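Okay, here's what each chain looks like letter by letter:
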2 protein chains.
Amino acid sequence: MAKERGPYACGLDAAVDVVGGKWKPMILWALHAGRTLRFGELKRHIPAVSEKVLIQQLRELESDGIVHREVYREVPPKVEYSLTDLGQSLNAALRPLGLWGDQHMRQIVASKEGKPSNAA
Amino acid sequence: MAKERGPYACGLDAAVDVVGGKWKPMILWALHAGRTLRFGELKRHIPAVSEKVLIQQLRELESDGIVHREVYREVPPKVEYSLTDLGQSLNAALRPLGLWGDQHMRQIVASKEGKPSNAA
DNA sequence: CGGTATCCAGTGCGATACTG
DNA sequence: CAGTATCGCACTGGATACCG
C-alpha cells in the first residue's frame, strides 16, 4: 500500500490506499485526539507489530502528511509521533467506518463461519 | 484481505479488512444506491480488473454479507449483483472517507513527489 | 455469459540481528 | 531508545486458457 499513487478512480481508493496498511488503523487510533507518543510507547500500544514494519508504516503515514515526526537530538534519542491536521481530519472521516465495524464485526466474523446469524 | 477474521483490535480494522481489497471500493461504488449490475456490466465499469480477481473480490464481499448474488438459471446465463442492507450501511459509513479522499488526494499524491504543496 | 483452472510475479509482512 | 539491514515466505493480484 501507499505506493500506488496512480490516478485514483475515486476518493475512496485514495483513502484506502493511505489507511490500508495492516497496522495503520491502529496507529491512527493510538494517536487519536492530539495524542503524542514516542516510538517505544507506540510499540507498546501495538505489541504484535515488528519494529521494521512499525517504522515503515509510520514513514508512509508521515510521507502522506498524516503523522508528524518530531526528533529530539538528545541522548538517549527521543522521537515523538503525532497526527497532523490532515491526520486528524482523516481520523474524523474514519470514525463512521470504525463505528460500522464495531456494530457489524460480529456478524462479519460469523458469516465467515457459515452462520448467517440472520444478517442484514 | 478478508481472510484474517482474527479478533479485531478495533472496528476500523474489521472495516478495512472488509473493504481493503484492491477493487472493492470501486465495486461498492459501482453498486451504490441500490443499483443492480450483471457481471459483464460490472466488468465494464472496472475494465482494468481481471475476471478472476473480480469474481474473487465479489465472492469475498458476498461471503461478508456486503453484496447479494442473484443467479438466474437461464441460457445464456445471467447473474446480478447488488448491495445488501449491510452493504448499503457500509457504503454510508464509507462516504465521509470518500469525501476526505476527494478533498485531499491531490495533496496526498503531491506530497509523495516531494512537493509539499503547503499541505495540512 | 459467467465463470474456473493454472501459473507467475510483486510485495507486504514477519523474525532476527546489529547500530548510533 | 530508535532505528537499519537482511532474509524469507505467504499472499494478493495479473495473464491466459478453458468450460457449462
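Numbers given to residues run from 1 along each chain, matching the order in which its sequence is written. Starting at A for chains and at 1 for ligands, labels are handed out in the order in which the entities are written. Residues qualify for local features only when their pLDDT is at least 70, as the model is predicted, and side-chain atom pairs are given and counted only at 80 or more; totals for whole chains, interfaces and linings, by contrast, use all residues. As a rule here, side-chain values cover all heavy atoms of the structure and leave hydrogens and water aside.

Under an unreviewed UniProt entry, chain A has the name Transcriptional regulator and belongs to Streptomyces alboniger.

Engineer: How should the overall build of chain A be read in this particular structure?
Structural biologist: Secondary structure elements are taken from DSSP: a helix is a run of H or I of four residues or more, a strand is a run of E of two residues or more, and numbering for both begins at the N terminus. Per the secondary structure count, chain A includes 5 helices and 3 strands. Ordered by position in the sequence, the α and β elements of chain A form the string α-α-β-α-α-β-β-α. Note on definitions: a residue-residue contact is assigned when non-hydrogen atoms from the two residues lie within 4.5 Å. Within chain A, contacts between residues separated by at least 24 positions form 42% of all contacts whose residues are at least 6 apart in sequence. Only the protein chains shown count as cover for residues, and the accessible areas themselves come from Shrake-Rupley with a 1.4 Å probe. Counting every atom, chain A has about 6,300 Å² of accessible surface; 52% of that belongs to carbon and sulfur.

Engineer: Would you mind going over the interface of chain A and chain B with me for this structure?
Structural biologist: Note on interface size: it is often stated as the accessible area lost on association of the parts. Contacts between chain A and chain B engage 41 residues on the former and 42 residues on the latter. Reported buried area values correspond to the accessible surface (1.4 Å probe) lost by two parts on association, with both partners' losses combined. Of the roughly 3,900 Å² buried where chain A meets chain B, counting both sides, 75% is carbon and sulfur surface. Definition used for salt bridges: Asp or Glu carboxyl oxygen within 4 Å of a side-chain nitrogen of Lys or Arg. At the junction of chain A with chain B, the criterion picks out 0 salt bridges. What qualifies as a polar contact is a pair of N or O atoms within 3.5 Å, subject to a donor-acceptor requirement within protein and to the restriction that residues adjacent in sequence count only when both atoms come from side chains. Taken together, the connections running from chain A to chain B amount to 4 residue pairs in polar contact (both at pLDDT 80 or more). With 19 residues, the single largest contributor to the side of chain A that touches chain B is helix α5 (residues 85-112) of chain A.

Engineer: Would you mind going over the confidence of the model for chain A with me for this structure?
Structural biologist: Caution applies to low-pLDDT regions: their predicted coordinates should not be interpreted in detail. Looking at chain A as a whole, the pLDDT averages 89, with 88% of positions reaching at least 70. Within the model, the stretch residues 115-120 of chain A combines pLDDT values under 50 with 7 contacts to residues more than four positions away or in other chains. The predictor reports its confidence for every residue as pLDDT, a score running from 0 up to 100.

Engineer: Help me understand the protein's contact with DNA strand C in this model?
Structural biologist: For this description, a residue counts as near a given molecule or strand if any of its non-hydrogen atoms is within 4 Å of it. What surrounds DNA strand C is a group of 22 residues, the closest being K52(A), E51(B), I55(B), R59(B) and R69(B). Among the atoms of DNA strand C close to the protein, meaning within 4 Å, 63% are from sugar or phosphate groups. For DNA strand C, a phosphate oxygen lies 2.9 Å from a polar atom in the backbone of K22(A). Note that a phosphate oxygen of DNA strand C is positioned 2.9 Å from one of the side-chain N or O atoms of Y81(B). A total of 4 residues in the surface near DNA strand C trace back to one element, the largest contributor, which is helix α4 (residues 51-63) of chain B.

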